[in-house]
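Here is how the chains run, residue by residue.
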Amino acid sequence: QDENTIRNSLKSAIEVLKKSKIEFPEIIADTLLAYILSCDKTNLYTNPDDVISTSDICKYNKLIHKRVSHVPLQYITRKVEFMSLDLIVDERVLIPRPETEILVETVLKKTNKKQYNNRKIIVIDIGTGSGNIAVSLAKYLSNVKIYASDISLEALTVANENVLRHNVTDKIHLLHGDVFEAFRNNVKKRQVDFIVSNPPYVSESEAKTLEPELIDHEPLLALIGGEDGLYFYKQIIKDATDWIKPGGYLIIETGERQADSIIMLMQNELHYDEIEIIQDLQGKERIISSKII
C-alpha cells in the first residue's frame, strides 16, 4: 500500500534519469538516496521495503531533478573522493579529477629520494582550487610546508574548509593572488623543492564544445586557459625557475593534446632537464615532470 519505499523510490528515480539520458543512472539514484537518508548505500539494498518520509521523497526528487538539469553529482552532495580523502566541493571550485591523483603520486615518488630525508620539503601549489593537491600532499608527507594560491577568494574559502577538515592547517598556507604574485612576500626565491599545478587548460574554442556539466556549472576561471589553452603554462614555465632550487621539480597536469607544446616551452628555457611525460589510465599524456638545473 506504501509506494514510498526505498525500492520504489530508486526505481522511479532511475527511470527519470534514463529518460533524460543521464549516464550511470543506478549509481546516481542510490548515491543521492543514501545522501538524503544519511545512510550507507548497502543499507538501501538490505532494507528495500523501508518507507521514506514524504519530506525526504520531496528532497530526493529535487536532487534527481538537479542531476537531470546537468548539475554534477559531486556538487549536489558537496563531496568528492580524492587520494582516498573525502573533500568538500561546490560550484566555487573545479571538481578534482582522478587523473590529478597521478600528479600527487608523482610528487610522493620523488620525495622518497634521500635528498628529502629529515628536512622540510617546500611546495608551491598554483591554482589550488578545492585544495585537493595541497591537502593530499600534506596528509601523505610528514615534513612538508605547502604554499597554495588561487586567484579566486571563493575557491580559497572551499580550500580552507578542506584544510580544516583534514587537520593540516600547520602545513598549508593559503594565499590569494595570480600565478606567482601570491608568493612574492611569503616564499624565498630558489628555495622551493616542488612547484605543482593543474592550471586552467581548455582553449577558448574547445570551451564551446564542453558538456553542460562543465560549461554551465564548473567555474570558467578554473577551466579556460586563454585562446590556445597554454596561457598559464607559458607564465609558469617562464617564472618557475626563479623559485625552484636547482634539483627541484616542476610537475604539472596538461590537457590531452598539449604535452608537445608544453615540452617545447620547457626546452626553450635553459633550466629544464629530465623532462618526463606520465600517462593517465586512458593512455593520455597527462602529467609533465621536469627537474630544474
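Criteria and cut-off values
Residues numbered from 1 in each chain as written. Predicted model: local features only at pLDDT ≥ 70, side-chain atom pairs only at ≥ 80, totals over all residues. Heavy atoms only, no water. 1 Å grid on protein atoms, 1.4 Å probe; cavity = no way out; pocket = protein on both sides within 12 Å on 5 of 7 lines; lining within 4 Å. Points joined across faces, edges and corners; volume = space filled by probe spheres on them. Helix = DSSP H or I, 4+ residues; strand = E, 2+ residues; numbered from the N terminus. Nonpolar A, V, L, I, M, F, W, Y, C, P; charged D, E, K, R; others polar. Pairing = 2+ DSSP bridges. Axes fitted to C-alpha atoms, helices over the stretch in contact; angles between N-to-C directions. Contact = heavy atoms within 4.5 Å. Expected span 1.5 Å × (residues − 1). Buried < 20%, exposed > 50% of the residue type's maximum accessible area, 1.4 Å probe, protein only. Arc of directions from axis to C-beta.

K.L.:
So, the layout of surface pockets: which residues are in play, and what are the values?
P.N.:
By volume, the largest pocket is sized at about 1,100 Å³. Contributing to the lining of the largest pocket are 36 residues, with P72, L73, Q74, V80 and I95 lying nearest its centre. When contributions to the lining of the largest pocket are tallied by element, the ones reaching two or more residues are α2 (25-36), α5 (73-77), β1 (80-82) and α10 (212-217). In terms of residue count, the dominant contributor to the lining of the largest pocket is α2 (5 residues). When the residues that make up the lining of the largest pocket are grouped by side-chain class, the tally is 17 nonpolar, 4 polar and 15 charged. In this structure, the second largest pocket encloses a volume near 810 Å³. Contributing to the lining of the second largest pocket are 31 residues, with E99, Y201, G255, E256 and R286 lying nearest its centre. For the lining of the second largest pocket, the element with the highest residue contribution is helix α6 (residues 100-110), accounting for 3 residues. Classifying every residue of the lining of the second largest pocket gives 12 nonpolar, 6 polar and 13 charged.

K.L.:
Give a description of the sheet that holds strand β5 (residues 172-176) that names residues and reports values.
P.N.:
Taking strand neighbours across the sheet as the criterion, the 7 strands line up as β5-β4-β3-β6-β7-β9-β8 in an open arrangement whose pairing is mixed. The open sheet terminates on both sides in strands that have one partner only, identified here as β5 and β8 (272-279). Sheet twist, expressed as the average angle between the axes of neighbouring strands with direction ignored, equals 15 degrees. Pairing of strand β3 (residues 121-126) with strand β4 (residues 144-150) involves 6 bridges; the strand directions are parallel. Its bridge partner lying in β4, I124 is registered against Y147. Relative to strand β7 (residues 244-253), α6 is tilted by about 160 degrees, and along the sheet it contacts β6 (192-197), β7, β8 and β9 (285-292). Across the sheet, helix α12 (residues 259-268) is in contact with β7, β8 and β9; its angle to β9 comes to roughly 10 degrees.

K.L.:
Describe in detail helix α4 (residues 54-68), supporting the description with residues and values.
P.N.:
Taking 1.5 Å of rise per residue, 15 residues should cover 21 Å, and α4 covers 21 Å from first to last C-alpha, within 8% of that figure. Taken as a whole, α4 has its buried residues at D56, I57, Y60, L63, I64, R67 and V68. Within α4, the buried residues cover an arc of 150 degrees as seen down the axis, which keeps them to one side. Set apart from the buried face of α4 by more than 90 degrees, the exposed residues are T54, K62 and H65. Where α4 is buried, its residues contact α1 (6-19), α2, α5 and α10. Where α4 ends, the next residue or the one after it, H70, has phi of about 75 degrees, a positive value.

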